[in-house]
Amino acid sequence: MTEPLIAARGLVFARDGQTILDGVDIRVNPGEIVTLVGPNGAGKTTLVRVLIGLLSADAGSVERRPGLTLGYVPQKLHLDPVLPLSVKRLMTLTRRASRAQVEEALAETGAAHLMGKSMAELSGGETQRVLLARALLRDPDLLVLDEPTQGVDQSGQAEIYELIRRVRERHDCAVLMISHDLHVVMAATDRVICLQRHVCCHGEPRAVAGNPEYRRLFGDLAAEVAIYRHHHDHDHDLHGNPVPPHDPAACNDPTHGHVPHVPAGERMP
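A brief structural summary. This is a predicted model, so every value here is computed, not measured. (Residues numbered from 1 in each chain as written. Predicted model: local features only at pLDDT ≥ 70, side-chain atom pairs only at ≥ 80, totals over all residues. Heavy atoms only, no water.)

Turning next to the sheet that holds strand 2 (residues 18–28). Taken together, 3 strands build an open sheet; the order of strands is 2-1-4 and the sheet is antiparallel. For this open sheet the edge positions go to strand 2 and strand 4 (59–64), each flanked by a neighbour on one side alone. For this sheet the average axis-to-axis angle between neighbouring strands, irrespective of direction, equals 20 degrees. (Pairing = 2+ DSSP bridges. Helix = DSSP H or I, 4+ residues; strand = E, 2+ residues; numbered from the N terminus. Axes fitted to C-alpha atoms, helices over the stretch in contact; angles between N-to-C directions.)

Have a look at this one:
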């Protein structure tokens, strides 16, 4: 069996008398995309922070491959509006990088032209692309993304996940991410882990989508999830909108993969 990048067993984490993680086992293997899903308060962010060493578990163990390099994109970036921070400065705030390296990372995520802008000026989609570029400067073995489409409008979500897939292929890295975007994430991941303080179910997306525990947690939404692939034959702006050249008829065709929401009446196979 392939040696995992991160493996945890029996993780327990509690705060103020409340159990947040209860006997969680998880592993992330090289090159795979693993997505954590679960309702609010399920412990997803806490689990990620324990795995990467930002928090210590009360019980259980975490093993990381020796020399493992992590790239982390948090759910929220707290910036002081009184102290403007440029994109260029953010990119090198905690790690040295040449201008060429910064430009290359930003170009890879479609944000090269934002180099001189203030972070406070950016839209949600632009911010996520900059943060992803910053994580790529570390040339990570494992990208950890907490809600990578936070603040991104619905039309841009599939494009962000497509970008993550391309990054995984280009850098041959693994991805561990948290997501609430059930309508696209099931097509953007290799393995899904459904968390509700403990692991309710896990496996390949179609298998998880049909699991009674998954449906119990997400109710009717789970039954409406449509698995589809975002096929790409055109470009998008930073908000996820198609830009020329493209075929408007194709973009409006659900079979093309651009479905900003789950079509009414469509069910998981």
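Further remarks concern the side chain of Arg168. Here Arg168 lies in helix 5 (residues 154–171). Among the polar contacts listed, one links the side chain of Arg168 to the side chain of Asp190, at a separation of 2.9 Å. Those residues within four positions of Arg168 in sequence are excluded, and the remaining contacts are Gly31, Glu32, Ile33, Cys173, Val175 and Asp190. (Polar contact = N/O pair within 3.5 Å; in protein donor to acceptor, adjacent residues only side chain to side chain. Contact = heavy atoms within 4.5 Å.)

This brings us to the pattern of salt bridges. Tallied over the entire structure, the rule returns 10 salt bridges. Residue Arg191 pairs with Glu32 through a salt bridge whose shortest N-O separation is 2.6 Å. Placement of the pair is Arg191 in strand 8 (residues 191–196) and Glu32 in the loop between strand 2 and strand 3 (33–37), with a sequence separation of 159 residues. Each member of the pair, Arg191 together with Glu32, is buried. (Salt bridge = Lys/Arg side-chain N within 4 Å of Asp/Glu carboxyl O. Buried < 20%, exposed > 50% of the residue type's maximum accessible area, 1.4 Å probe, protein only.)

Tallied over the entire structure, the rule returns 1 cavity of 30 Å³ or more. Looking at the largest cavity, its volume works out to about 60 Å³. Lining the largest cavity, in full, are Val73, Gln128, Leu132, Leu145, Pro148, Ile160 and Ile164. Residue composition of the lining of the largest cavity, by class: 6 nonpolar, 1 polar and no charged. (1 Å grid on protein atoms, 1.4 Å probe; cavity = no way out; pocket = protein on both sides within 12 Å on 5 of 7 lines; lining within 4 Å. Points joined across faces, edges and corners; volume = space filled by probe spheres on them. Nonpolar A, V, L, I, M, F, W, Y, C, P; charged D, E, K, R; others polar.)

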